[in-house]
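Examining the three-dimensional arrangement
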Amino acid sequence: KMVDKIWCLGSNQQTFCVLILVMICFTVIEYNFQIVSNGITVYHSCQNEEHIQRCDCTPNTSTATISSVVSINISAPDITNTSTAIRTNKSAVNSSNEAVILKTEKDLRNYFVQTPYIFDKFTIVTPTYKRTDNLYRLFDTYCPITDVIHKILILWNNVGESIPEKVIEYAKKCTIPVIFKIMERNNLTSRFIPFPDIETAGILSVDDDLLLSNKSIHLAFNTWKKYPYLLVGYTPRSYLMKSGEYKYAYDVKHYSMIMTNVAFLHHKYLELFTNTVPKSIIDYIVETQNGEDITMNVVIGKYLTELGHPMCVGVYVTSGKKDIGNLSKSGYTGLWHRSSHKAQRDKCLNLLAKVYHNLYLQKCTKTV
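Residues numbered from 1 in each chain as written. Predicted model: local features only at pLDDT ≥ 70, side-chain atom pairs only at ≥ 80, totals over all residues. Heavy atoms only, no water.

1. Some details on the side chain of Asn290
The test is simple: Going along the chain from the N terminus, every DSSP run of H or I of four or more residues is numbered as a helix, and every run of E of two or more is numbered as a strand. Polar contacts, as used here, are pairs of N or O atoms within 3.5 Å; protein pairs need one atom able to donate a hydrogen and one able to accept it. Residues neighboring in sequence count only if both atoms are side-chain atoms.
Of note, Asn290 is situated in the loop between helix H9 (279-288) and helix H10 (292-306). A distance of 3.2 Å separates polar atoms of two side chains, one belonging to Asn290 and the other to His341.

So this is what it looks like as structure tokens:
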């Protein structure tokens, strides 16, 4: 109908209308196209309900995962969208509906090994905030490890700031594909989004101020492949009961949690976190910027219990981690330096116990 109307216009008007249509077409093409240059992929995400419908994006109870991308602007999902419960992946696990009971620990391992994802390599997921200069060290450390690292995802949490061109150019030298995502909000739960880019069963969740040696990475990854149903990491923590309340503790000898600031975990657990963590817990994590790691431990403990194997949720790797601090001049020292940090983690434990009626966290002693 539009073409018929244009045809009925005068020649000058026809030319003008055709030019307008061409410009619209190029805009749409650019808007929905993915640019990949030398392994650097850049994304844009859904902004609102209209954008979700236009881009075929999928909001979720705790996260929103993109399925359409834009050329140069780099962006990633808004993790606070809690309006609609939509599964983000065909293989996503719904803990409440899962009826699998596995008789032996060997059956349990096979259950996690038999996955549509790549098992002999892993994906690094690193959120970064106010530590841009740390990324150079990160690329220098991880890019040579091509035998086990499949991709590197950098979650850019410096909201409103573009990624410096020199960082992108430096990343292009990496022999491993690097994917940048600019977050619309600086939320800790972003590290648990099951991005479609993650094609491996194993994920190394690691903060931007921590580096692992080549030897330590292979040790930890091989340990995780032996126990793919557990968290394998470098930061053990515990809890205790005091005056009828749970308290966060730093007992390394008898730990009951592995913090996800540097830990290997299975893709299933990203899906579980995304699809099953109640809104009240997500809201608490977003409000306090605290407790996402504790929550992941409880999610894993609960799931293993449902599979018929209540157990310690982690393996402690005792060496190979290096804290490089902040190499940038931003002055940012990290969330754990806040005076309210410990109290917020205490409250998180008690909230989880109230919501789940159990913490599902057992004392552990396993180390490598």
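Read on, since the account is not over.
2. Here's the deal with helix H7 (residues 214-226)
Our working rule: Given a helix with a known number of residues, its expected span is that number minus one, times 1.5 Å. Working definition: with a 1.4 Å probe on protein chains only, accessible area under 20% of the residue-type maximum means buried, over 50% means exposed, and in between means partly exposed. The arc refers to the directions leading from the helix axis to the C-beta atoms.
Between the first and last C-alpha of H7 there are 19 Å, a value that for 13 residues agrees with the 18 Å anticipated at 1.5 Å per step. Every buried residue of H7 is listed here: Ser216, Ile217, Ala220, Phe221, Thr223 and Trp224. Along H7, the residues classed as buried sweep out an arc of 160 degrees about the axis, all on the same side. Structural note: H7 exposes Lys215 and Lys226 on the side pointing more than 90 degrees away from its buried face.

3. Let's talk about the nonpolar core
Basically, it comes down to this: For this analysis, a nonpolar core means a set of buried residues of the types Ala, Val, Leu, Ile, Met, Phe, Trp, Tyr and Cys, connected via side-chain atoms within 4.5 Å.
Residues Phe122, Phe139, Tyr142, Ile149, Ile152, Tyr229 and Tyr269 are the most contacted members of the largest nonpolar core, which totals 98 residues. The leading source of residues in this core is H10, at seven residues.

4. Points about the sheet that holds strand E12 (residues 245-249)
Keep this limit in mind: Each pair of strands is called paired provided DSSP finds at least two bridges between the two strands. Should any heavy atoms of two residues lie within 4.5 Å, those residues are considered in contact. To get an axis, fit a line to the C-alpha atoms, keeping to the stretch in contact for a helix; angles then go from 0 to 180 degrees between the N-to-C directions.
One open sheet accounts for three strands, arranged E12-E11-E13; its pairing is antiparallel. Looking along the sheet, the strands with just one partner apiece sit at the ends: E12 and strand E13 (257-258). Contacts from helix H11 (residues 341-356) reach strand E11 (236-242) and E12 within the one sheet, and its direction differs from that of E12 by about 130 degrees.

5. Topic: the environment of Leu153
By the secondary structure assignment, Leu153 is in strand E6 (residues 149-156). Of the residues examined, Leu153 reaches a relative accessible area of 0% and is grouped as buried. Along the sequence, Leu153 and Thr123 sit 30 residues apart, while their C-alpha atoms lie 7.4 Å from each other. Those residues in contact with Leu153 that lie beyond four places of it in its chain are Thr123, Ile124, Val125, Thr126, Ile179, Lys181, Phe195, Asp197 and Ile198.

6. Description of the pattern of salt bridges
Pairing is possible between side chains of opposite charge, provided their charged atoms come close. The condition that has to hold: When a carboxyl oxygen of Asp or Glu lies within 4 Å of a side-chain nitrogen of Lys or Arg, that pair is called a salt bridge.
The full count for this structure, using the stated rule, is 12 salt bridges. A salt bridge links Lys151 to Glu199; the nearest nitrogen and oxygen atoms lie 2.8 Å apart. Of this pair, Lys151 sits in strand E6 while Glu199 sits in the loop between strand E7 (178-182) and strand E8 (200-206), and the two are 48 residues apart along the sequence. On the basis of relative accessibility, which here comes to 12%, the residue Lys151 falls in the buried class. A salt bridge links Glu245 to Lys247; its shortest N-O distance comes to 3.9 Å. With relative accessibility at 41%, the residue Glu245 sits in the partly exposed group.

7. Some words on the pairing of E11
One ladder, built from two bridges, connects E11 with E13; its direction is antiparallel. Looking at E13, one finds that Pro236 is bridged to Ile258. Between E11 and E12, which follow one another and run antiparallel, lie two residues, and Ser243 among them has a positive phi close to 55 degrees.

8. Structural notes on H9
Among all positions in H9, only Ile281, Ile282, Tyr284, Ile285 and Thr288 are buried. Down the axis of H9, the buried set is contained in an arc of 160 degrees. They therefore lie on one face. After H9 finishes, the residue Gln289 shows a positive phi value of roughly 50 degrees.

9. Examining unusual backbone geometry
Its identity is not glycine, yet Ser243 carries a phi of approximately 55 degrees, on the positive side. Of note, Ser243 is situated in the loop between E11 and E12. Relative accessible area serves as the criterion here: at 76%, Ser243 is assigned to the exposed category. Here the phi dihedral of His357 falls at roughly 65 degrees; this positive angle occurs in a residue that is not glycine. Take His357: it is sitting in the segment after H11. A relative accessible area of 71% means that His357 is categorised as exposed.

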